[in-house]
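# Structural characterization, general
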Amino acid sequence: LPTPDALGAGVLEFRILHRFKPSAPDVGGQGLYGLDGGAWISFGLAYGLTDGLEIGLRRTNLQRDYEGFVKGALLRQRQGGTPVSLALRGSVSSARDDSSGIANRDRYAAQAIVARRFGKSLSVMLVPTYVTHTNYQDAADRSGTGAVGLGAEWDLSPKHAITAEWVAQTSGAKARYQGTTLGFSVATARHVFHLLATNVQGTHTDLYVPGGDLDPRHDFRLGFNISRTYSLRH
């Protein structure tokens with residue numbers, strides 16, 4: 001899920017999102033808990049045009065999907081002032097995998113990101129989302145997917161945190177299971193490494209919003225995110 005935080009003016013972010021394909025419990029130690037089975041990988045760049053506005057582009061080998069997005073931070077939580085942070089995010093995606101007969105290739109998404117920090121350790125956010133044309137298997141079905149994402153982060157220290165996300169579908173095309181992810185993140189000066197377990201295949205908005213393919217009660221795949229920021233203004 002996206003956060004309401006903006007990169008800031010002149011900041012460039014490079015991000016790698018990596019999801020191993022197999023179910024970790026199914027393949028077990030013999031398959032190195034999924035690490036032997038290939039992965040879906042997304043490479044992305046985002047840039048802060050102003051302190052509250054950023055744009056980005058990313059590409060994943062799942063459906064050969066390209067996503068361009070823009071995010072604007074409208075409100076920032078302040079002590080004695082605004083009680084929540086608020087951002088809006090819009091994106092357009094194009095799936096270009098010609099080998100698997102994907103229907104409804106062009107998809108548009110809109111998200112509102114409402115977040116609040118409680119004390120020094122806990123942050124929660126609510127992310128209502130709608131994505132068009134999410135049934136990629138049936139060209140005659142032009143419906144989209146409505147969903148509500150819920151995310152939480154518990155800071156163990158200034159550099160370590162536990163994260164959780166749940167994406168519940170409310171209408172339209174749905175996968176078998178609602179999206180569920182648990183993670184652990186480590187931050188350095190400009191890098192963030194995030195190790196996670198999830199039941200979802202995709203990392204782009206149009207791919208994760210419909211839900212997951214694994215039963216989160218006893219099944220998951222491993223994955224990780226790596227991000228690095230660069231300041232292009234001095």
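Our subject is the structure that appears above.
Summary of the structure given here. All values derive from a computational prediction rather than experimental measurement. (Residues numbered from 1 in each chain as written. Predicted model: local features only at pLDDT ≥ 70, side-chain atom pairs only at ≥ 80, totals over all residues. Heavy atoms only, no water.)

## A closer look at the overall build of the chain
Note the threshold: Helix numbers and strand numbers start at the N terminus; a helix is a DSSP run of H or I with at least 4 residues, a strand a run of E with at least 2. Values of the radius of gyration come from C-alpha atoms, whereas the globule rule sets the reference at 2.2 Å times the count of residues to the power 0.38. Burial classes: relative accessible area under 20% of the type maximum marks a residue as buried, over 50% as exposed, and values in between as partly exposed (1.4 Å probe, protein chains only). Two residues form a contact once any of their heavy atoms are found within 4.5 Å. Residue burial considers only the protein chains on display, and all accessible areas are found by Shrake-Rupley using a 1.4 Å probe. A residue counts as positive if it is Lys or Arg and as negative if it is Asp or Glu; His and the chain ends are not included. To locate a charge, take atom NZ for lysine, CZ for arginine, CG for aspartate or CD for glutamate.
What the chain contains, in helices and strands, is 2 helices and 12 strands. Starting at the N terminus and ending at the C terminus, the chain contains elements arranged as β-α-β-β-β-β-β-β-β-β-β-β-α-β. In terms of overall size, the chain behaves like a compact globule, its C-alpha atoms giving a radius of gyration of 18 Å where 234 residues would be expected to give roughly 17 Å. Residue burial in the chain is summarised as follows: out of 234 residues, 44% are buried. Nonlocal contacts in the chain, meaning residues at least 24 apart in sequence, comprise 53% of its contacts between residues at least 6 apart. For the chain, the computed accessible surface area is about 12,200 Å², with 59% contributed by carbon and sulfur atoms. Taking the average place of the 25 positive charges on the side chains of the chain and the average place of its 20 negative ones, the gap between the two points comes to 6 Å.

## Considering the packing of aromatic side chains
Condition: Classification of ring pairs rests on two measures: the distance between centres of Phe, Tyr or Trp rings, Trp counted by its six-membered ring, which must be within 6.5 Å, and the angle between planes, read as stacked under 30 degrees, edge-to-face over 60 and tilted in between.
Under the defined criterion, the tally for this structure stands at 3 aromatic pairs. Pairing F14 with F43 gives two aromatic rings, centres 6.5 Å apart and planes at 15°, and the pair type is stacked. Of this pair, F14 sits in strand β1 (residues 11–20) while F43 sits in strand β2 (residues 39–48); the two residues are 29 residues apart in sequence, bridging distant segments of the chain. The exposure class of F14 is partly exposed, given its relative accessible area of 32%. Every member of this aromatic cluster is reached through a ring pair, and the members are F20, F193 and F224.

## Section: the sheet that holds strand β6 (residues 106–118)
Convention followed: Here, a strand pair is defined by DSSP locating no fewer than two bridges between the strands. Every axis corresponds to a line fitted to the C-alpha atoms, with the helix fit spanning only the stretch in contact, and the corresponding angles, defined between N-to-C directions, vary from 0 to 180 degrees.
With antiparallel pairing, the 12 strands of this closed barrel are ordered in space as β1-β2-β3-β4-β5-β6-β7-β8-β9-β10-β11-β12. Sheet twist, expressed as the average angle between the axes of neighbouring strands with direction ignored, equals 20°. Bridge analysis of β1 against strand β12 (residues 221–231) gives 9 bridges, and the strand direction is antiparallel. Within β12, the position partnered with I16 by the bridge is I226.

## A closer look at the side chain of S93
With respect to the helices and strands, the residue S93 is situated in strand β5 (residues 85–95). A relative accessible area of 2% places S93 in the buried class. Residues within four places of S93 in sequence aside, it is in contact with D65, Y66, E67, R105, D106, R107 and D206.

## Some remarks on the nonpolar core
Note the following rule: By nonpolar core is meant a set of buried Ala, Val, Leu, Ile, Met, Phe, Trp, Tyr and Cys residues that side-chain atoms within 4.5 Å join together.
Listed in full, the 7 residues of the largest apolar core are A109, V131, A147, V167, V200, Y208 and V209. If we ignore the near neighbours within four places in the chain, the residues touching V200 are G179, T180, Y208, G211, G212, D213 and R221. With 5 residues, the next largest nonpolar core counts I113, A115, M125 and V127 among its residues.

## Digging into unusual backbone geometry
One non-glycine residue with positive phi stands out, namely Y33, at about 55°. By the secondary structure assignment, Y33 is in the loop between α1 (24–27) and β2. Even without a glycine there, the phi angle at H133 is positive, about 55°. Here H133 shows up in the loop between β7 (122–131) and β8 (145–157). Residue classification places H133 among the buried positions, given a relative accessible area of 17%.

## A short note on the layout of surface pockets
Under the convention used in this document: Buried and open spaces are told apart on a 1 Å grid over the protein atoms alone, a cavity being a set of points where a 1.4 Å probe fits but cannot get out and a pocket being an open set with protein on both sides within 12 Å along at least five of seven lines. Residues with an atom within 4 Å of a point are the lining residues. Grid points are joined across faces, edges and corners, and a volume is the space filled by probe spheres set on the points. When residues are sorted by character, Ala, Val, Leu, Ile, Met, Phe, Trp, Tyr, Cys and Pro go into the nonpolar class, Asp, Glu, Lys and Arg into the charged class, and all the rest, Gly among them, into the polar class.
By volume, the second largest pocket is sized at about 370 Å³. Forming the boundary of the second largest pocket are 19 residues, of which T134, Y136, A175, L207 and P210 lie nearest the centre. Along the lines of polarity and charge, the residues of the lining of the second largest pocket split into 7 nonpolar, 8 polar and 4 charged.

## Side note on the pattern of salt bridges
Which entries qualify depends on this criterion: Throughout this description, the term salt bridge denotes a Lys or Arg side-chain nitrogen within 4 Å of a carboxyl oxygen of Asp or Glu.
Using the criterion set out here, one finds 8 salt bridges in the structure. In this structure, the salt-bridge partner of E67 is R89, at a minimum N-O distance of 3.4 Å. You can see E67 sitting in strand β4 (residues 65–75) and its partner R89 sitting in strand β5, a full 22 residues away along the chain. For the pair E67 and R89, a shared accessibility class is recorded, and that class is buried. Between D155 and R117 there is a salt bridge, and its shortest N-O distance comes to 2.5 Å.

## As for the environment of I102
Locating I102 in the fold gives a position in the loop between β5 and β6. Residues I102 and R217, 115 residues apart in the sequence, show an inter-C-alpha distance of 29 Å. Setting aside its immediate chain neighbours within four residues, I102 contacts Q63, A95, D97, R107 and Y136.

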